[in-house]
Each structure stands twice: as structure tokens, then as C-alpha cells.
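Coordinate inspection notes
For reference, the chains in residue letters:
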Amino acid sequence: MENTFKTPIHQIYGIENWGNGYFDVNALGHLVVKPKRGAQAVDVFQVVEEVRKRHRLHPPILLRFPQILETQVKQLCEAFQSAIAEFQYGNTYQGVFPIKVNHRRDVVEELMRVGNKYRLGLEVGSKPELYIGLGLEQAPGSLLVCNGFKDDEFMEMAFWGQRTGKQVVIVVEQIREIYSYVKWAEATGLRPIVGLRGRLYSKGSGKWEESGGETSKFGLSTLELLECFRVLREANMLPALRMLHFHIGSQITDIRKIKSAVKEASRVYAKFRRMKAPIEYLNVGGGLGVDYDGSRTPSDSSVNYTIQEFANDVVYTVREICEHEDVPTPTLVSESGRALTVYHSVVVFTAENRGDFILGAKAEVAQRAQSPALTEMREISREISVKNFREYFHDAIQQREELFSLFDLGYLGLEERAYGEVLFKEICEKALRFAKETKFTSDEFEILEKALRKKYVTNMSVFQSVPDSFTIRQLFPVLPIHRLDEFPSEYGMLIDLTCDSDGKIDNFVDVKDIKEVLELHPTSNGGPYYLAICLVGAYQDVMGDFHNLFGTVNEAHVIVDEGGTSHIRNLIRGNTIEEVAGLNGYDPEDLISKLAARVAEQTRLGQLDSEEGMAILEAYRRRAGAQTYLSLSEGRVRADGKELSPGEGGSSAETGTSQGPLAAKESPGA
Ligand SMILES: *Cc1c(COP(=O)(O)O)cnc(C)c1O
């Protein structure tokens, strides 16, 4: 039986607030994913362990749940269908998926497959995206919407699409594109649909507010819209003018902004209709937002509306204005990408709090540091209590100053200084605990909490796996995938593997506020500690960069069958060392021949024994095929990503796990 949030541990992470019905915790204290929001659940911890043990692919690993894509497509399209029925709209809805939100082939093909019965189409904004769109299969009657700035080559490709039987929409974003359209249309005799991207007075809200509004980078002013109309009419191509498009930005946090934009766009549509422009489609763009923190507010990482409310407002508003203007209602199109994909992937990685491992060292300095200057500190640490913690904490601050001035004057040794630091930290931790117990808050204790949060070193790159967390400080839900039946007694933040001070996560979702600490478990009990960042399926998956050359992570696609059994399919290996080097112009053969020349030189000079030199070269070559992230366990994977059969070993240098030719000499101490 599933434990449905009976204990407060689950509430700590707010799963029920941001999970949209896809996430839960089972009786084992493991995070589960329910791709159909039904009883069938995937135990995330078990999947990660199985992939690690059976297939020898280690975290960091991205888990994709394609069935979530299906559930989301269904939810969006049915929301519009039900709004259309409720408000007797008299026309239909058909979405397009903006491919920039997640270009991955598996994702796009799955969306096209499950979206077939809803005539879900595609939206592209560049030549490579159009290249993909031209090749892919999509539902009959679905649209291929071409946004973005277009040169002649782009325009020509779009016409190929029309010629090869796709229903192409060329959305004019700048005035020169209408002249280019007319030129290609005359030359080919084809008439793909023309869409006009209008620049609205209404702006969005949230981080992408500037994508809309009069000063936006995108779209045509009212005068330019009229010019396009005139150009098409003069060229006898007015019948092609079949779409009006606008997009006021992504992640619109406030439903009122959507309403006012739709209202304005509907007016523009209606006025064009009255001028005898045969516009059939009103494309309301993207912007359907996601509640990343579960707060249901118009704050940056949240939204104050549901998909159903979005659909209702669009349908109702357009109908009202069409009625008022006495024009037919248009087919509604939206380019909702974030909402379709965001829930379907989760990235899992190991985390370790290094502080846990120096307890022995602490006992040793405590034994030896016997200076009288420390007596007072020791006493405070022993006697601080819920009654006196504020006063004792202030005393400790004073004592610490004294200790440091004694050290400056040369009266204390390093061990005394070390022990003083340890004692002070202990006092701070106790004081903070008492403050929490008594619900006492003050600026001082908030700063203390931030200062004391433990640094969990994570085996991942923020820049690769959650770039928006760094670039725009967007919040993502982070939580352990196991031990969710055990109280998380530590307060921590995450730091990643990159040599970059921005490579960290120190803001976490909270219903009322933003947390600067995350409740985590101690990691000293052996066994890996796994964390997940959820809701990374939109943009994060494909916008990551190669900071420090970590590159892509391993990937597994997981589905659950009717009986509730999980199946892992499509394992994809993350980047290898030589791949990421190669992307930057390095040729493995060139690198190795230069290294070989140095080995030869050192051997000639008698600095290096020739056998060892050969061994280094051999291992260097093999390690090039290993993965880029920290290799924290014993599994092995061949360079081609296939798993090794037992006994098929080779040196463990292949994975970089440990022993290379120098292992015997340089023992790093486990
Ligand atoms: C980015 C973009 C979208 C996708 O927006 P979401 O907020 O992800 O739904 C749609 N249309 C255009 C023109 C875009 O630039």
C-alpha cells in the first residue's frame, strides 16, 4: 500500500503541491512516479539501482517517463475540448508542440504519436528545427508552424514542406519576410498558409515579460500588419492569410495577463475578419505556465491557474469578442511546450556531505587541545539550553573573538584554533536547534541557518542538468529518492562538480516562501545517497552546456504496464571523455601521439621505466572512453555503452573507477 503523505516527512518536500499527481512516496520510503496518475507506480530508487547493477550505468542519470507525455497531451487537449463544449464555442482546438522546448527525438516522436488523434502539430523556429520538422511524421491535418527570423534558405525549406504535403504555416515575424513569401509563392505557385505575428500592447508576467509588449523583439506593429495585408492583397494572395499569431512569453505566471492578451488578440483577429482577411486560425502562442514550487501564486516559479482555467479563459474570451464583433470563431491553436514536457523527466545523482567523515579528526583535536582559553567555550557548549540559547550564543561569539586575538598574538597553536572552531560550530548548531524548537526567529538566526547549512557535493553539473537554476534562479523541486521514511535531520545546500561558484543549488521550493536550506539525511551510513531534481523535462533537458566538459548524463526511459510492473527501455550512455574533448576540436590520436613522444623522452632520460610508460599510454587510451562524471562505484561499461558480461573485464581504468598504472604508488586513502 502506498503511504499517501500521512507523515510530515513527505510534506517537507511538498510533493503533493508541485507533483501534479505524478509523484508520491511508497511504503519503502522511496519516491515513486505514476505516469498515468493511476495506481501503477515506478519505484525510482529501484530503477536507479537496477540500471546501476544490471546495466552498469551510474548516476547521474536522467529518467524519462514517456507515458507522462501522453497524459499531459491528453490533459491539455481535453481541457480545450471540454471548454469548447461548455462555452459552445463552435470551432475546434489544435495544438502544436514547439520543438525548442525539448528537441530530443524520443520526446518529439512520442508526442507526435500520442498527439495523433488530437492533430497535434509542430512549431519550429530555426533551420535545424525545420529540417527535423520536414522529415518527421505528423498527424494528417496537423500544422507545421514556422516561427523565427527567416532568410531565403529557411523560406525555401518551408515551401518544400508545402510541396511534400505538410500543412505549413509561415509566420511573418518581420516585414521583409512578407516580400520574401510573395517571391517564393510566385516562383513555385505554392501558397503555404501565412501567419502574422502581431505585437500586442499586453505583456506577459514573470521572467519573460519582455517577450511581449510594444517594445518586444518579436512581431509586427499594427502598421506592419496592415502592410502585410496590403502586400498580400496586391499579389492576389489574400486567401493564404489564414493565421494570426502572438506569443507574449513563456511561463506566464498570472492568468490575468493571459486574459488581457487573448482579449486584445481576438480584437485584432475580428478587425481583420471584418476587413475580409480570411483568417481561420488564432494562435495564442506558448506561455502556459507550470507550478514548479506548488505555491499556486503568480511568483516567478509558479502560476495562479490550472490548464483547465487556461483553456476556459482562452475559449471564453475569444468567443465573447467574436460574438461582439459578429465574426465567426477561429480554430484555436496554442504552442504550449513547457506544460506538455516538464513533468516527464527527472535527473538523479549521488550526494555526499563530506563533513560527515572528519568526526575522528575532531575527537583527536579535542583530546589534545587543552588550553584554558577553551574552557569557557566548552562550558557554553555543554550548558546551552532552550532557556538560555540566545544569551549563550552571544557569549560564544565573544569567546571566539578572544580566541582569534590570542591566536593572532601567537598564544594559541593550530590545534587549539581548530578545536575552538569546532566548539563554536557546535554551539551554533545547538542554538539554531533551540531557536527552531521554540519557533524563535530573528535575522541573526536566519543568517546562522544559512551559514550552517551543510554542503552536499553532488555528482552532476548544474550547467548541464538544470541551467535555469543558475541563469534565471528558477526553482526546481529537489528531494531524496529514498529514506523518505526517515526524518531528514540535516540542513543542506547542493554544490556541483564544476569549478564555478555558480555551480550550486541553494534555493528550494517551499509553499510560503523560498527555502535557503533543504532538509537532507546524513550520508555517513555507507551506501549511496541519491537525490532527484524533478520537473526538468522542459528546456533543461536540451539547454545544458558543457561547462568543465561534463557533458550529457546517462539516460533511461521507463514505462509501467497495466499490471504495475516497470520496464526499463532505451538506455543511452552519457558523453565520454574523448567525445567532449572531440567536440572542442581535440583529436584523440593527436593527443596520444604527443603524450607518447613525452613518454619516449622521459624513458630516454631514464626518468620513466619503459614498461610503466607503455602502461600509462594504454590506460590513457582506455580512459578516453570512460564517462566524464565521478565514478563512485565498481561497475564497468564498455566504450560503446554496452554492458560488460561478467568476466569480460579489462582494466577498471576503462571506467576510471580507480586503478590505473599508478594505483599502487599513489594510494588516495579510501
Ligand atoms: C518558446 C516559444 C513557445 C513555447 O512556450 P512555452 O511557454 O514553453 O509553452 C511557443 N511559441 C513561441 C513563439 C516561442 O518562442
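Residues numbered from 1 in each chain as written. Predicted model: local features only at pLDDT ≥ 70, side-chain atom pairs only at ≥ 80, totals over all residues. Heavy atoms only, no water.

Here we come to the overall build of the chain. Within the chain one finds 23 helices and 23 strands. Judged by the C-alpha coordinates and their principal axes, the chain covers about 95 × 70 × 55 Å. Taken over 670 residues, the chain has a buried fraction of 53%. Taking as baseline every contact in the chain between residues at least 6 positions apart, the subset at least 24 positions apart corresponds to 74%. Split by element, the accessible area of the chain, about 30500 Å² in all, is 52% carbon and sulfur. On the chain, the mean spot of the 78 positive side-chain charges and the mean spot of the 95 negative ones are 4 Å from each other. (Helix = DSSP H or I, 4+ residues; strand = E, 2+ residues; numbered from the N terminus. Buried < 20%, exposed > 50% of the residue type's maximum accessible area, 1.4 Å probe, protein only. Contact = heavy atoms within 4.5 Å. Areas by Shrake-Rupley, 256 points an atom, 1.4 Å probe, with all protein chains shown as cover. Lys, Arg positive; Asp, Glu negative; His and termini not counted. Charge placed at Lys NZ, Arg CZ, Asp CG, Glu CD.)

On the surface, Glu376, Glu391, Asp395, Glu401 and Glu402 cluster together into a patch of negative charge. With four residues, the single largest contributor to the negative patch is helix H15 (residues 389-408). As for its position among the elements, Glu401 is in helix H15. (Patch = residues over 30% accessible without salt bridge, like charges linked within 9 Å, V, L, I, M, F, W, Y side chains within 5 Å. Salt bridge = Lys/Arg side-chain N within 4 Å of Asp/Glu carboxyl O.)

The subject of this paragraph is the site of the ligand. The environment of the ligand is made up of 16 residues, and the closest members are Lys100, Ser250, Glu335, Gly337 and Tyr539. The contact in question runs from an oxygen atom of the ligand to an N or O atom on the backbone of Arg338, over 3.0 Å. Compared with its free state, where it exposes 390 Å², the ligand has 92% of that area covered by protein. Residue composition of the shell around the ligand, grouped by class: three nonpolar, eight polar and five charged. (Near = heavy atom within 4 Å. Polar contact = N/O pair within 3.5 Å; in protein donor to acceptor, adjacent residues only side chain to side chain. Nonpolar A, V, L, I, M, F, W, Y, C, P; charged D, E, K, R; others polar.)

The subject of this paragraph is the nonpolar core. Residues Phe23, Leu31, Leu63, Tyr181, Leu196, Val348 and Ile533 are the most contacted members of the largest nonpolar core, which totals 148 residues. Discounting residues that sit within four places of it in the chain, Leu63 has contacts with Val44, Val47, Val48, His344, Ser345, Val346, Val348, Ala556 and Val558. Core analysis: the second largest hydrophobic core is formed by 25 residues, Phe393, Phe424, Phe434 and Leu448 among them. (Core = buried A, V, L, I, M, F, W, Y, C linked by side-chain atoms within 4.5 Å.)

Most of strand S14 (residues 454-458) sits out of view: four of its five residues are buried. The pairing of strand S13 (residues 345-353) with S14 spans three bridges and is antiparallel. When the bridges of S14 are listed, Glu352 appears paired with Val457. Strand direction decides the pairing type here: S14 and strand S16 (residues 490-495), joined by four bridges, are parallel. When the bridges of S16 are listed, Lys455 appears paired with Met493. (Pairing = 2+ DSSP bridges.)

So, on to helix H11 (residues 307-325). The terminal C-alpha atoms of H11, which comprises 19 residues, lie 27 Å apart, in line with the 27 Å expected from a rise of 1.5 Å per residue. If you check which residues of H11 are buried, you get Ile307, Phe310, Ala311, Asn312, Asp313, Val314, Val315, Thr317, Val318, Ile321, Cys322 and Glu325. Contact partners of the buried residues in H11: helix H4 (66-86), helix H10 (255-274), strand S11 (281-283) and strand S12 (331-333). Downstream of H11 by a residue or two, Asp326 has a phi angle that is positive, lying close to 60 degrees. (Expected span 1.5 Å × (residues − 1).)

The subject of this paragraph is the domain arrangement of the chain. A common way to report how large an interface is uses the accessible area buried once the components associate. Domain boundaries in the chain define domain 1 (89-336), domain 2 (355-451) and domain 3 (577-624). With centres defined by C-alpha atoms, the gap from domain 1 to domain 2 works out at 61 Å. (Domains from an automatic or database assignment.)

A few words on the sheet that holds strand S1 (residues 23-25). In a beta sheet, neighbouring strands are held together by backbone hydrogen bonds and run either parallel or antiparallel to one another. Spatially, three strands are ordered S1-S2-S3 in an open sheet, and the strand pairing comes out antiparallel. Two strands lie at the open edges of the sheet, namely S1 and strand S3 (42-43), each paired on one side alone. Note: S1 against strand S2 (residues 31-33), three bridges, orientation antiparallel. Counterpart to Phe23 in the pairing with S2 is Val33.

The end-to-end C-alpha distance of helix H16 (residues 414-437) is 35 Å, a good match for the 34 Å that 24 residues give at a rise of 1.5 Å each. For H16, the full list of buried residues reads Glu416, Tyr419, Gly420, Leu423, Phe424, Ile427, Cys428, Ala431, Leu432, Phe434 and Ala435. Downstream of H16 by a residue or two, Lys439 has a phi angle that is positive, lying close to 55 degrees.

Attention shifts here to the pairing of strand S6 (residues 121-124). In S6, alternate side chains face the same way, and those of Gly121 and Glu123 on one face and Leu122 and Val124 on the other are all buried. In the sheet, strand S5 (residues 96-98) pairs with S6 via three bridges, with the strands oriented parallel. When the bridges of S6 are listed, Val96 appears paired with Gly121. Of the crossover connections in this fold, the one passing from S6 over helix H6 (residues 127-135) to the parallel strand S7 (residues 143-146) is right-handed. (Right-handed = clockwise from strand over helix to strand, strands pointing away.)

As a further point, take the sheet that holds strand S9 (residues 193-197). The eight strands lie next to each other as S5-S6-S7-S8-S9-S10-S11-S12, forming an open sheet whose pairing is parallel. The strands lining the two open edges of the sheet, one partner per strand, are S5 and S12. For this sheet, the mean inter-axis angle between neighbouring strands, taken without regard to orientation, is 25 degrees. Direction of pairing for strand S10 (residues 241-245) relative to S11: parallel, over a ladder of three bridges. (Axes fitted to C-alpha atoms, helices over the stretch in contact; angles between N-to-C directions.)

Summarising the element assignment, His482 is placed in the loop between strand S15 (478-480) and S16. Looking at His482, the relative accessible area reads 7%, which means it is buried. A distance of 3.0 Å separates a polar side-chain atom of His482 from the backbone nitrogen of Tyr530. When sequence neighbours within four positions are dropped, the list of residues in contact with His482 reads Gly29, His30, Phe45, His521, Pro528, Tyr529 and Tyr530.

Our next topic: the confidence of the model for the chain. Per-residue pLDDT for the chain averages 90, and the proportion of residues at 70 or more is 92%. Counted against residues more than four places away or in other chains, residues 634-658, with its pLDDT under 50, gives 54 contacts. Within the model, pLDDT remains below 50 along residues 664-670, and this stretch shows one contact once partners closer than five positions in the same chain are excluded. (pLDDT = per-residue confidence, 0-100.)

The next subject is the pattern of salt bridges. Taken as a whole, this structure holds 39 salt bridges when the rule is applied. Salt-bridge contacts for Arg230 lead to Glu227; the nearest nitrogen and oxygen are separated by 3.0 Å. On the criterion of helical spacing, the pair formed by Arg230 and Glu227 is a turn pair, its members being three residues apart in helix H9 (residues 222-234). With a relative accessible area of 33%, Arg230 lands in the partly exposed category. A residue is classified by how much of its surface remains accessible, and Glu227, at 21% relative accessible area, is partly exposed. One salt bridge connects Glu490 with Lys454, and the closest N-O pair in it is separated by 2.6 Å. Placement of the pair is Glu490 in strand S16 and Lys454 in strand S14, with a sequence separation of 36 residues. Here Glu490 falls in the buried class, since its relative accessible area comes to 13%. You can call Lys454 buried: its relative accessible area is 19%. Salt bridges here are not isolated pairs; linked through shared partners, they connect Arg64, Arg104, Asp541 and Glu555.

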